[in-house]
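A closer look at the structure
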Amino acid sequence: MLLEIDGLTKMYKKGARANDDISLEVDAGQVLGLLGHNGAGKTTLLNQVVGLVKPTSGTIRIDGRDPVADPAMARRVCALQPQAQAPLTGITPRQAIETMARIRGASRQRARQRTDELIEALELAPWASTVGEKLSGGVQRLTAFCMAAAEPGRVVMFDEPTNDVDPVRRRLLWEQVRALGAAGVAVVLVTHNVIEAERAVQRLVILDQGRVVAHGTPAELRGQDADRLRLEVVAADEPTAHRLAGDVDAVEPAVVAGRRVAVPIATGTATATLAWAQEQRDAGRVDEFSVTPVSLEDVYIRLVGTENGADATEEVGHAALAA
Ligand SMILES: Nc1ncnc2c1ncn2[C@@H]1O[C@H](COP(=O)(O)OP(=O)(O)OP(=O)(O)O)[C@@H](O)[C@H]1O
Ligand SMILES: [Mg+2]
């Protein structure tokens, strides 16, 4: 196992555990997705792996070696795209990516080649020679991604790489994440983009208040919801949405947001529910409806709950829209 974390606990101050007995493993060629609400402890975990933050207890091994005892080794072996990115004042994306690759040990030729590859792959060419202070937030974020990906070492970790990035380039970025895995790098990916992340990861770890609450492949995590589907209805108006929400044969309470109703139903009742929805549409009470498999985002929200993320119910709607 290339990266092994065992019983990792971090307390910044007495009592509060930012990481609480976390164990996980990532092998060469694997992409691990790390999910969790704001403040769940994701960034804290990455910072300990690269030797920036010292664990309170537990162990980390990178190819058998200890980043706490040897932080210089950790920084050499692991590349990190930090969540808070350093400003690129006075330098262009091309210079920043190439320089970082050189610092991380790439030959001049390889640094140039990787820089060209990544600029092309993420369609950054229009801004490749623009100084940092004139770049948009998304292009800065993509540049930071390329800086970590250019010469990744054996372990590369990305802390929310797709924030501020447009949908087309997010897709291109996920492709590059997959390519890093295919090239034999161990990848740890922190993201709030649960549904999209599924395209790039083999396994997921979900953190809730510093603890691992779920660990498995996307299919395994969804497996717990295999006997469920989600019904999504757009009602003619808001009062109708609330009335319809009460009528559905649901396995859990419906979430109503404006005219939109999202509700988990048992797979066995899907035919009857679809017939019911069609009747509602014929009667003019419903504009549109759909029944889809439970998404990873639904699984995430069920596991982590909504108390940690005020906008979680809103995301239920987005999940269905994307599906
Ligand atoms: N340097 C620090 N000193 C004290 N507490 C900290 C420090 N850094 C983080 N924390 C606390 O540790 C907890 C975990 O923070 P962390 O940044 O790891 O969360 P996260 O999962 O990365 O959240 P986000 O999704 O918002 O980036 C939070 O309660 C945070 O307030
Ligand atoms: Mg963070």
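Residues numbered from 1 in each chain as written. Chains lettered and ligands numbered in written order. Predicted model: local features only at pLDDT ≥ 70, side-chain atom pairs only at ≥ 80, totals over all residues.

Quick word on the overall build of the protein chain
Just so we agree on the cut-off: Every helix listed is a DSSP run of H or I at least four residues long, and every strand listed is a run of E at least two residues long, numbered separately from the N terminus. Exposure classification rests on a simple neighbour count of other C-beta atoms within 10 Å of a residue's own: a residue reaching 20 or more is buried, one at 12 or fewer is exposed, and one in between is partly exposed. C-beta atoms are placed from the backbone. Here, residues touch in the contact sense if the C-beta positions derived from the backbone fall within 7 Å of one another.
Looking only at helices and strands, one finds twelve helices and 13 strands in the protein chain. For the protein chain, the spread of C-alpha atoms along the three principal axes comes to 70 × 45 × 35 Å. In the protein chain, which comprises 323 residues, the share counted as buried stands at 41%. Of the contacts formed within the protein chain by residues at least 6 apart in sequence, a portion of 68% connects residues at least 24 apart.

Some remarks on the packing of helix α3 (residues 93-103) against helix α4 (residues 108-121)
So the rule is basically this: Fitted lines through C-alpha atoms give the axes, limited to the stretch in contact for helices. The angle between two N-to-C directions lies from 0 to 180 degrees. Here is the rule for angles: anything less than 35 degrees is roughly parallel, anything more than 145 is roughly antiparallel, 65 through 115 is roughly perpendicular, and the remaining ranges are oblique. By convention, the crossing between two helices is left-handed when the near helix turns anticlockwise from the far helix through less than a right angle, and right-handed when the turn is clockwise. For this classification, Asp, Glu, Lys and Arg are treated as charged, while Ala, Val, Leu, Ile, Met, Phe, Trp, Tyr, Cys and Pro are nonpolar and the rest, including Gly, are polar.
Where α3 meets α4, the closest approach of the two axes is 9 Å, and the angle between their N-to-C directions is 135°. As judged from the angle between their axes, α3 and α4 are oblique. Every pair of crossing elements has a handedness; the one defined by α3 and α4 is right-handed. Where α3 approaches α4, its residues Arg94, Ile97, Glu98, Ala101 and Arg102 are matched on the opposing element by Ala111, Arg112, Arg114, Thr115, Leu118 and Ile119. Here the residues of the contact of α3 with α4 are counted per class, giving five nonpolar, one polar and five charged.

Here we look at the domain arrangement of the protein chain
In many reports, interface size means the accessible area that the parts give up when they come together. In plain terms, the rule: The start and end points of each domain follow an automatic or database-based domain assignment.
Each domain of the protein chain was delimited in the assignment, giving domain 1 (3-219) and domain 2 (224-322). In this structure, domain 1 and domain 2 have C-alpha centres spaced 34 Å apart. At the junction of the two partners, domain 1 supplies eleven residues and domain 2 supplies ten residues. The set of elements that each furnish at least two residues to the side of domain 1 that touches domain 2 consists of α7 (194-197), β8 (203-208) and β9 (211-216). Partitioned by chemical class, the residues of the side of domain 1 that touches domain 2 number seven nonpolar, two polar and two charged.

Some points on helix α6 (residues 167-182)
This is how the line gets drawn: The span expected for a helix works out to 1.5 Å for each residue beyond the first. This arc describes the spread of directions from the helix axis toward the C-beta atoms.
With 16 residues, α6 extends 23 Å from end C-alpha to end C-alpha; this agrees with the ideal 22 Å at 1.5 Å per step. Listed in full, the buried residues belonging to α6 are Arg169, Arg170, Leu173, Trp174, Val177, Leu180 and Gly181. Projected down its long axis, α6 shows its buried positions confined to an angular sector of 150°, all on one face. Exposed side chains of α6 directed beyond 90 degrees from the buried face belong to Val168 and Ala182. Buried positions along α6 lie against β3 (31-36), α5 (137-150), β6 (155-159), β7 (186-190) and α7. A positive backbone phi angle near 100° is found at Gly184, which sits one or two residues after α6.

What about the nonpolar core?
For clarity, the threshold we go by: The nonpolar core is taken to be a set of buried Ala, Val, Leu, Ile, Met, Phe, Trp, Tyr and Cys residues joined by way of C-beta atoms within 7 Å.
Ranked by size, the top nonpolar core spans 85 residues in total, and within it Cys78, Val156, Val187 and Leu189 carry the most contacts. In terms of residue count, α5 provides more of this core than any other element does, nine residues in total. Shared between two domains, this core holds at least three residues of each, these being domain 1 (3-219) and domain 2 (224-322). Those residues within four positions of Val156 in sequence are excluded, and the remaining contacts are Ala79, Ala148, Ala149, Leu180, Val185 and Val187.

As for the site of ligand 1
This is how the line gets drawn: We call a residue near a molecule or strand when the C-beta position, derived from backbone atoms, sits within 6 Å of it.
In the region of ligand 1, the neighbouring residues are Tyr12, Ala18, Gly36, Asn38, Gly39, Ala40, Gly41, Lys42, Thr43, Thr44 and Gln83. It is helix α1 (residues 42-49) that contributes the most residues to the shell around ligand 1, three residues altogether. Residues that form the shell around ligand 1 fall into these classes: three nonpolar, seven polar and one charged.

Structural notes on the pairing of β6
Using the following cut-off: Pairing between strands requires that DSSP locate at least two bridges from one strand to the other. With its strands directed away from the observer, a crossover is right-handed exactly when the path from the first strand over the helix to the second travels clockwise.
Most of β6 is tucked away, with five of its five residues classed as buried. A two-sided burial pattern is seen for β6, the buried positions comprising Val155, Met157 and Asp159 on one face and Val156 and Phe158 on the other. Pairing of strand β5 (residues 78-81) with β6 involves four bridges; the strand directions are parallel. Within β6, the residue paired with Cys78 across the bridge is Val155. Two elements, β6 and β7, share five bridges in a ladder whose sense is parallel. Looking at the pairing, Val156 lines up with Val187 of β7. Since β6 and β7 lie parallel, the crossover through α6 that links them has a hand, and here it is right-handed.

Focus: the sheet that holds strand β12 (residues 260-266)
Taken in spatial order, the four strands make up an open sheet running β11-β12-β10-β13, and their pairing is antiparallel. Two strands in the sheet have a free side with no partner beyond their single neighbour: β11 (255-257) and β13 (286-293). Neighbouring strand axes in the sheet, compared pairwise and without regard to direction, differ in orientation by 20° on average. Pairing of strand β10 (residues 228-235) with β12 involves seven bridges; the strand directions are antiparallel.

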